[in-house]
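As a plain string of letters, each chain reads:
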There are 2 protein chains.
Amino acid sequence: MAPREHAHPALCDVELVTVLSALAEPTRLRIVRMLAAMEGERAWKDIDLPIAQSTLSHHLKILRNAGLVHNRSEGTRCFISLRDDELESRFPGLLESVLSCGDGLAPEGTRDA
Amino acid sequence: MAPREHAHPALCDVELVTVLSALAEPTRLRIVRMLAAMEGERAWKDIDLPIAQSTLSHHLKILRNAGLVHNRSEGTRCFISLRDDELESRFPGLLESVLSCGDGLAPEGTRDA
DNA sequence: GTCGTAGTTCGACGTTCGTCGATCATCGAA
DNA sequence: TTCGATGATCGACGAACGTCGAACTACGAC
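What you are looking at is a predicted structure, and each value in this text was computed from that prediction instead of being measured. (Residues numbered from 1 in each chain as written. Chains lettered and ligands numbered in written order. Predicted model: local features only at pLDDT ≥ 70, side-chain atom pairs only at ≥ 80, totals over all residues. Heavy atoms only, no water.)

A few words now on the interface of chain B and chain A. Contacts between the two partners involve 21 residues from chain B, matched on the other side by 21 residues from chain A. Both faces considered, chain B and chain A share a buried interface measuring about 1500 Å² in area, 74% of it formed by carbon and sulfur atoms. Three residues, Leu16(B), Val17(B) and Leu20(B), lead the burial of chain B against chain A; their summed loss comes to 32% of the area buried on that side. Linking chain B with chain A are zero salt bridges. (Contact = heavy atoms within 4.5 Å. Buried area = accessible area lost by both parts, 1.4 Å probe. Salt bridge = Lys/Arg side-chain N within 4 Å of Asp/Glu carboxyl O.)

Once that is clear, we can look at the nonpolar core. Membership of the largest hydrophobic core comes to 64 residues, with the highest contact counts inside it found for Leu68(A), Leu94(A), Leu68(B) and Leu94(B). Non-local contacts of Leu94(B), meaning those with residues more than four positions away in its chain, are made with Leu94(A), Ser97(A), Val98(A), Leu16(B), Val19(B) and Leu20(B). (Core = buried A, V, L, I, M, F, W, Y, C linked by side-chain atoms within 4.5 Å. Buried < 20%, exposed > 50% of the residue type's maximum accessible area, 1.4 Å probe, protein only.)

In this section: helix H3 (residues 53-65) of chain B. Residue pairs three or four apart in sequence face the same way in an α-helix, which turns once every 3.6 residues. Residue and element names in this part refer to chain B. The terminal C-alpha atoms of H3 lie 18 Å apart, and with 13 residues this matches the ideal 18 Å at 1.5 Å per residue to within 8%. Summarising the contacts, the buried residues of H3 are in contact with helix H1 (16-23), helix H2 (26-36), strand E2 (69-74) and strand E3 (77-82). Following H3 by one or two positions, Gly-67 has its phi on the positive side, about 75 degrees. (Helix = DSSP H or I, 4+ residues; strand = E, 2+ residues; numbered from the N terminus. Expected span 1.5 Å × (residues − 1).)

With an RMSD of 0.0 Å, the fit of chain B onto chain A corresponds to turning through 180 degrees and sliding 0.0 Å along the axis. Overall, the copies show the geometry of a two-fold rotation axis. Interface overlap between copies is the fraction of interface residues in one copy that are interface residues in the other; for chain B against chain A it reaches 100%, indicating a shared surface. (Least-squares fit on C-alpha atoms with pLDDT ≥ 70 in both.)

Let us look at the confidence of the model for chain A. Residues at a pLDDT of 70 or more form 87% of chain A, whose mean pLDDT is 89. Here residues 108-113 of chain A is a poorly scored stretch, pLDDT under 50, and it has six contacts once near neighbours within four places are set aside; other chains count. (pLDDT = per-residue confidence, 0-100.)

What follows deals with the pairing of strand E3 (residues 77-82) of chain A. Residue and element names in this part refer to chain A. With five of its six residues buried, E3 lies for the most part within the structure. In this sheet, E3 lies alongside strand E1 (residues 41-43) in antiparallel orientation, the contact comprising three bridges. Across the sheet, the residue bridging to Arg-42 is Ile-80, located in E3. Here strand E2 (residues 69-74) pairs with E3 via six bridges, running antiparallel. The residue of E3 that forms the bridge with Asn-71 is Ile-80. Where E2 hands over to E3, the hairpin turn is made up of two residues, of which Gly-75 adopts a positive phi near 70 degrees. (Pairing = 2+ DSSP bridges.)

Residue and element names in this part refer to chain A. Taken in spatial order, the three strands line up as E1-E3-E2 in an open sheet, and their pairing is antiparallel. The open sheet has two edge strands, E1 and E2, and neither has a second partner. Here the strands of the sheet are splayed against their neighbours by 30 degrees on average, with no regard to which way each runs. On top of the sheet, helix H2 (residues 26-36) reaches E1, E2 and E3; it is set at about 85 degrees to E3, its chief contact. (Axes fitted to C-alpha atoms, helices over the stretch in contact; angles between N-to-C directions.)

Our next topic: the sheet that holds E2(B). Residue and element names in this part refer to chain B. Taking strand neighbours across the sheet as the criterion, the three strands line up as E1-E3-E2 in an open arrangement whose pairing is antiparallel. Only two strands of the sheet have a single partner each, and these edge strands are strand E1 (41-43) and E2. Averaged over all pairs of adjacent strands, the angle between their axes in this sheet comes to 30 degrees, without regard to strand direction. Running at roughly 85 degrees to E3, H2 makes contact with E1, E2 and E3 of the sheet.

Shown next, in the form of structure tokens:
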């Protein structure tokens, strides 16, 4: 289906294990880093990773259900953004510590190269 | 085998995804909370959870390989401790943010009840 | 030496996960 | 209305995971 107002969980309903599971996967962590590297939102199509489209949709769904990202629909296309402020309220310091650690998993898509 | 000086990875060789994967499981998170709730180490046998012994051993191995815990052998029994200081150096703020969030997953084994 | 204890490893089982191609639903444009 | 594009959903596949009981191994005690 084309994106039409997705369900986003309230952060207070999200458990820590759910968030950690969502982040504990290389591709999803890359996506989160990618989103964190830019203020605001990012177009779906601009998230280019070496995976199939359905796989990306699947990962975004998991991130969405974990309360990590927000989907906004605009016509046929949609835009993804990090729910960083809400995340900070629910899990203080978690996102920052995950993002600030250099582990060789670069955003890779925010810089020109 | 009886515990005889296990292999512990250097924290600098541990990747973030490995740590997150290790923490993204209810039982293991419980163990980590349990260890964090007390200064120092905890005897293997005192970790009583509703799981088989082999399963506990398996989880401890994963936590060990993720650099989260340390095993010390003393005769036939062994003692587990959190590598919190080293963890803090490698992933600043991560462990603290994970531990400080109330998510209904209590240590349950450090209090009397 | 033999025996009992403590924890690890092995092999198996069912479940979940990441991945894909194909199909479907919704929107804008012609 | 018809068409093309954008994502979501479906069904299938192999791999990885959590779980267990059983066998194994190293140690202390006798």
